[in-house]
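One letter stands for each residue in the lines below.
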Amino acid sequence: MKTVSSEERAALVALLQVRPRGLPWAEITTAVVEAGSALAVWHRLVPPALLPAPGEVDPLEAAARDIETWADQGHTMLTVLDALYPQRLREVHQAPPVLFARGSLAEDDLAVSVVGSRAASERGLAIAASVAEGLVRDKVTVVAGLAAGIDTAAHRAALDAGGRTVAIIGTGINKVYPAANRALHEEISSRGLLLSQFWPDAPPQKHTFLMRNATMSGYGLATVVVEAGEHSGARAQARMAVEHGRPVILTDLVVEANAWARALVGRPGVHVARGLDDVLTTIGELVSGDSAIDAALERLVS
């Protein structure tokens, strides 16, 4: 896949904005990926009108103008057909049709999500920071959701250790949530990568954070749940990661405190870590295994 044309980008945005036949975004994404062209899907689903309605803007032209506006705001827009769209994320069924990015994109970003409670304990915050520092030492990108608590601790520790961190947010990329993380939001966009799957001015909503968790799971090689409650987004991400076939590492803090975590123990790909060394050892094994698989695939196609 290569960078798609401006016409393809406009067609995809128009499809998502118009939603012909009431199709949800997921079905539009599937149709576009299967066809390999948003324009082809547009022409199939939106027959050309004989005459435009008076005063009505052509949806393709309107989409092209929106894309220009977003570019002027400093955002990079990736479509699911672009080469730089995160490869691991493309593999999951909740893959967003578009991503808005600010910062440094990496073609094959070896990354691990570090997630947990907004109202974290001191021990939880310390574990999150230590896990992030360990990932940086192993040259692994630290992914989190820019929320208060565990996410903030993981992002901050990765930056302070000189590593790469990616924030996948639950709002449009022009919004800052929570407001207290405005400085961190800006720092990550300049030193790491800020990603959003929503229109740039989209406000925070309950369902957008769950969608963000699915994207975080898809982006990373694995998810580490440091500390979480019975009804947290981290719980949702752990469940989604299992569905995606991605490893989940639960700390003993999570397992001891939550029935949902104990129910996951024993599932394929679910690991329980009894301390920081356990977490980092498990991640090291996963990274080594992933690298071996990549090397084997390269030998097969060479």
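Being a predicted model, the structure only gives us computed values, none of them experimental. (Residues numbered from 1 in each chain as written. Predicted model: local features only at pLDDT ≥ 70, side-chain atom pairs only at ≥ 80, totals over all residues. Heavy atoms only, no water.)

(A) Expanded view of unusual backbone geometry. Residue P178 is reached from Y177 by a cis peptide bond, and omega for that bond is -5 degrees. Along the chain, P178 falls in the loop between strand 5 (165–168) and helix 8 (182–191). Unusually for a residue other than glycine, R19 sits at a positive phi of about 50 degrees. Here R19 lies in the loop between helix 1 (6–18) and helix 2 (25–35). The class for R19 is partly exposed, based on a relative accessible area of 37%. Phi at K139 takes a positive value of approximately 60 degrees, unusual for a residue other than glycine. Position of K139 among the secondary structure elements: in the loop between helix 6 (122–137) and strand 4 (141–144). (Helix = DSSP H or I, 4+ residues; strand = E, 2+ residues; numbered from the N terminus. Buried < 20%, exposed > 50% of the residue type's maximum accessible area, 1.4 Å probe, protein only.)

(B) Structural detail: the packing of aromatic side chains. Scanning the model with the defined rule gives five aromatic pairs in all. Considering the side-chain rings of W70 and W199, the 5.4 Å spacing of their centres and the 20 degrees angle between planes classify their relative orientation as stacked. Placement of the pair is W70 in helix 4 (residues 59–72) and W199 in the loop between strand 6 (193–196) and helix 9 (206–219), with a sequence separation of 129 residues. Judged by its relative accessible area of 10%, W70 falls in the buried class. Judged by its relative accessible area of 24%, W199 falls in the partly exposed class. The rings of W25, W70, F100 and W199 are connected pair by pair, giving a single aromatic cluster. Here R118 stacks its cationic end above the ring of F209, 5.8 Å away from the centre of that ring. (Phe/Tyr/Trp six-rings, centres within 6.5 Å; stacked < 30°, edge-to-face > 60°. Lys NZ or Arg CZ within 6 Å of the ring centre and 35° of its normal.)

(C) A look at the pattern of salt bridges. Within the structure shown, the criterion is met by eleven salt bridges. In this structure, R102 and E186 form a salt bridge, with 3.1 Å as the shortest nitrogen-oxygen distance. Placement of the pair is R102 in strand 2 (residues 98–103) and E186 in helix 8, with a sequence separation of 84 residues. Among the residues examined, E186 registers a relative accessible area of 36% and is labelled partly exposed. Sharing partners across several salt bridges, the network here consists of R156, D160, E187 and R191. (Salt bridge = Lys/Arg side-chain N within 4 Å of Asp/Glu carboxyl O.)

(D) Representation of the sheet that holds strand 8 (residues 248–251). In spatial order, the strands read 1-2-6-5-4-3-7-8-9; together these nine strands make up an open sheet with mixed pairing. Since the sheet does not close on itself, it has two edges, and those belong to strand 1 (76–79) and strand 9 (270–273), each with one partner. Strand-to-strand twist across the sheet, computed as the mean angle between neighbouring axes with direction ignored, equals 25 degrees. As judged from the three bridges shared by strand 7 (residues 222–227) and strand 8, these two strands associate in the parallel manner. Counterpart to V224 in the pairing with strand 8 is I249. Contacts from helix 1 reach strand 1 and strand 2 within the one sheet, and its direction differs from that of strand 1 by about 80 degrees. Against the sheet, helix 7 (residues 150–160) makes contact with strand 3 (111–116), strand 4, strand 5 and strand 7, and its axis sits at roughly 140 degrees relative to strand 3, the strand it touches most. (Pairing = 2+ DSSP bridges. Axes fitted to C-alpha atoms, helices over the stretch in contact; angles between N-to-C directions. Contact = heavy atoms within 4.5 Å.)

(E) Representation of helix 4. Counted at 1.5 Å a residue, the expected span for helix 4 with its 14 residues is 20 Å, and the 20 Å between its end C-alpha atoms agrees. Inspection of helix 4 places A63, I67 and W70 among the buried residues, and these make up the whole buried set. All buried residues of helix 4 project into a common sector of 60 degrees when viewed along the axis, lining one side. Of the exposed residues in helix 4, the ones pointing more than 90 degrees away from its buried face are E68 and D72. Buried positions along helix 4 lie against helix 1, strand 1 and strand 2. The opening residue of helix 4 is D58, an N-cap whose side-chain oxygen sits 3.0 Å from the backbone nitrogen of L60. Directly beyond the C-terminal end of helix 4, a positive phi value near 95 degrees is found at G74. (Expected span 1.5 Å × (residues − 1). Arc of directions from axis to C-beta. Polar contact = N/O pair within 3.5 Å; in protein donor to acceptor, adjacent residues only side chain to side chain.)

In short, shape yes, function no, at least from these values alone.
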